[in-house]
Amino acid sequence: MRIDSKKMNGMCTCGKEHLMVTRGAVIEAGATARFAELLREYNISGKACAVYDQNTYQAKNLHRPEAVCEVILDPENLHANEAGVAAAKEQMAGNSFDYLIAVGGGTVHDITRYCANEMHIPFVSCPTAASVDGFCSTVSAMTWGGCKKTMPGVAPDIVIADTDVVRVAPRHLALSGIGDILGKYTALADWKITHELNGEEVCSRIHDMTMDAVKAVYDCSDGAAAGDADATEQLMYALLLSGLAMQLMGNSRPASGAEHHISHLIEMEPPGLQVSSDASHGEKVGVATILISEYYHRLAQTADIAPFVRPYRTFTDAELRDCYGERLLDGILSENRPDLAEAVSEQDLLRAWPAIRKIITECIPSAQDLRDLYTRVGMKASLTDLRVPEEKLEELIYFSPSVRQRITFNRISRMLDTKRMS
Ligand SMILES: [Zn+2]
Ligand SMILES: [Zn+2]
């Protein structure tokens, strides 16, 4: 399977001109055996430096690309942070390159992307597992100075994904990728609901390409979890497409909504909440998608919300301080001041309600359907599976909108007396 940027770039019916930095993606069995040939096809030449970790260096079925320098990072405690970048730079020292190749998962990609940006050279993405949708990201998700930060980076020039490598990667990595993709159900619903509330532009081309990817993964997740070749190709395609949709959009709106906010909140380990989890990003997003589905479907049961609607109230400084503590407070306040949802009136919500109910019931699978699927394929399906106490659910739902300024239906549900609703 191939993805060609030329077919996606250009003027759109939404009125915007979409631009993808990544020129193309090849998702094929045996793609790494034809690495040199594919580079030639995309006119990439010169001195390469390939970045691995010790696991991906030994990845089964991988034909390692030709490179004048091989950086092999120690996977023990490897993170996309100062230490990870320093370790990569140390092994590159004294050489100059024309391009970098990231051979690995999300962390190897974020370190490579950061270095490529600093060195002003392109990089080629070679994902070894279908674990996240961030391979095609334009920014590096890093932990810098102990804080989660979005650091400058570059999107890959091209992607070469060898499904023979990806399908034999450890199974939990594919399960994580499936979770990250299924989160688009609620992310896309949040986008459309916001459009109903305040007219935020929804690009139907970007929406539909992401939705197609999610539905395909929903249908093939059993096969993808089992390492079936076609299903693995479909999952990898969906992950890349979701990343490319973000490139076209210029932000993560199509790929990240209320479910990602719950995952981010758990990752931040706010002192007032006392939660933490060593589950992967996609596992947390997968569980959060069930929680958000359950919450949204419950609210959508009420046809007449007039008795429960109240004016929107933003988070107070005091409650944010209690939850996040001084260390995280400044960052969180900047996400909430101004609070974009304050412009949504009670009349807006009442008027949009029939459309919102329709979006929830038609676009988001029920929590039970998701749970059945997760159980069948062996994915983590509950807070307990993430080692987060079940009694934290209410606080996670309540505080998670505050991690990002983006409007989601969860943030808007602050306008509903949800306790009195069925
Ligand atoms: Zn994600
Ligand atoms: Zn568009």
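Residues numbered from 1 in each chain as written. Chains lettered and ligands numbered in written order. Predicted model: local features only at pLDDT ≥ 70, side-chain atom pairs only at ≥ 80, totals over all residues.

All right, on to the sheet that holds strand S1 (residues 2–4) then. Pairing between sheet strands relies on hydrogen bonds along the backbone, with the strands arranged either parallel or antiparallel. A sheet is described by the order of its strands in space; here 7 strands give the open sequence S1-S4-S11-S8-S7-S5-S6, paired in mixed fashion. Looking at which strands have only one partner, the edges of the open sheet turn out to be S1 and strand S6 (69–73). Across this sheet, the average inter-strand angle for adjacent strands is 15°, counted without regard to direction. Relative to strand S11 (residues 158–162), strand S4 (residues 24–28) runs parallel, the two sharing 5 bridges. Paired with Gly24 across the two strands is Ile158, which belongs to S11. Of the strands in this sheet, strand S5 (48–53), strand S7 (99–104) and strand S8 (123–127) are in contact with helix H4 (residues 106–119), which crosses S7 at around 170°. (Pairing = 2+ DSSP bridges. Helix = DSSP H or I, 4+ residues; strand = E, 2+ residues; numbered from the N terminus. Axes fitted to C-alpha atoms, helices over the stretch in contact; angles between N-to-C directions. Contact = placed C-beta atoms within 7 Å.)

Turning to its location among the elements, Pro65 is positioned in the loop between helix H2 (54–57) and S6. Take Pro65: there are 18 C-beta atoms within 10 Å of it, and that puts it in the partly exposed class. In contact with Pro65, not counting residues within four places along its chain, are Thr32, Phe35, Ala48, Ala50 and Ile101. (Buried ≥ 20, exposed ≤ 12 C-beta atoms within 10 Å, placed from the backbone.)

So, about the pairing of S11. Most of S11 sits inside the fold, with 5 of its 5 residues counted as buried. In S11, alternate side chains face the same way, and those of Ile158, Ile160 and Asp162 on one face and Val159 and Ala161 on the other are all buried. The pairing of S8 with S11 spans 2 bridges and is parallel. Across the sheet, Ser125 pairs through a bridge with Val159, a residue of S11.

Here the focus is the domain arrangement of the protein. Accessible area lost during the coming together of the parts is what is often quoted as the interface size. Its domain assignment divides the protein into domain 1 (2–167) and domain 2 (176–199 + 251–420). Opposite the 5 residues of domain 1 that make contact, domain 2 presents 9 residues. A class-by-class count of the residues in the side of domain 1 that touches domain 2 yields 2 nonpolar, 1 polar and 2 charged. (Domains from an automatic or database assignment. Nonpolar A, V, L, I, M, F, W, Y, C, P; charged D, E, K, R; others polar.)

Relative to each other, helix H7 (residues 184–198) and helix H10 (residues 258–268) sit at 120°, their axes nearing to 7 Å. Here H10 runs oblique to H7, going by the angle between their axes. Across from Thr186, Ala187 and Asp190 in H7, the residues of H10 making contact are Ala258, Glu259 and His260. Of the residues assigned to the contact of H7 with H10, the class counts are 2 nonpolar, 2 polar and 2 charged. (Parallel < 35°, antiparallel > 145°, perpendicular 65-115°, else oblique.)

A separate point is the nonpolar core. Nonpolar side chains tend toward joint burial in soluble globular proteins. Ranked by internal contacts, the top residues of the largest apolar core, which has 128 residues, are Val51, Leu100, Ile101, Ala174, Ile178, Leu235 and Leu240. Of all the elements, helix H9 (residues 229–249) adds the most residues to this core, at 12 residues. Excluding residues that lie within four positions of it along the chain, Leu100 makes contacts with Cys49, Val51, Thr112, Cys115, Ala116, Ile121 and Phe123. (Core = buried A, V, L, I, M, F, W, Y, C linked by C-beta atoms within 7 Å.)

The next subject is the packing of helix H6 (residues 171–182) against helix H11 (residues 281–300). Following both chains from N to C, one finds H6 and H11 inclined at 45°, their axes separated by 7 Å at the closest point. Here H11 runs oblique to H6, going by the angle between their axes. For H6 against H11, the interelement crossing comes out left-handed. Contact residues: Ser176, Gly177, Ile178, Gly179, Asp180 and Leu182 in H6; His281, Gly282, Glu283, Val285, Gly286 and Thr289 in H11. In the contact of H6 with H11, the residues fall into 3 nonpolar, 7 polar and 2 charged. (Left-handed = near helix turned anticlockwise from the far one by under 90°.)

For helix H8 (residues 204–226), which comprises 23 residues, the first-to-last C-alpha distance of 33 Å matches the rise-based estimate of 33 Å (1.5 Å per residue) to within 8%. The largest bend in H8 is about 70°, located at Cys220. Along H8, the residues that are buried comprise Ile206, His207, Thr210, Ala213, Val214, Val217, Ser221, Ala224 and Ala225. Where H8 is buried, its residues touch H6, H7, H9 and helix H14 (367–377). Within two residues after H8, Gly227 carries a phi angle of roughly 80°, on the positive side. (Expected span 1.5 Å × (residues − 1). Bend = angle between axes of the 7 residues up to and from the residue.)

Here the residue pair Arg337 and Pro338 is connected by a cis peptide bond, since its omega of 0° sits within 30 degrees of zero. Structurally, Pro338 can be placed in the loop between helix H12 (317–336) and helix H13 (346–363). In the Ramachandran plot, Asn77 falls in the positive-phi region, its phi being about 60° despite a non-glycine side chain. Within the fold, Asn77 resides in the loop between S6 and helix H3 (82–92). Although it is not a glycine, Glu269 adopts a positive phi angle of roughly 45°. Mapped onto the elements, Glu269 comes out in the loop between H10 and H11. For Glu269, a count of 13 C-beta atoms within 10 Å puts it in the partly exposed group.

As a further point, take the environment of Val124. Inspection of the secondary structure puts Val124 in strand S8. Sequence separation of Val124 and Ser263 is 139 residues, and the distance between their C-alpha atoms is 28 Å. Those residues in contact with Val124 that lie beyond four places of it in its chain are Ile44, Tyr99, Ile101, Pro156, Asp157, Ile158 and Ile160.

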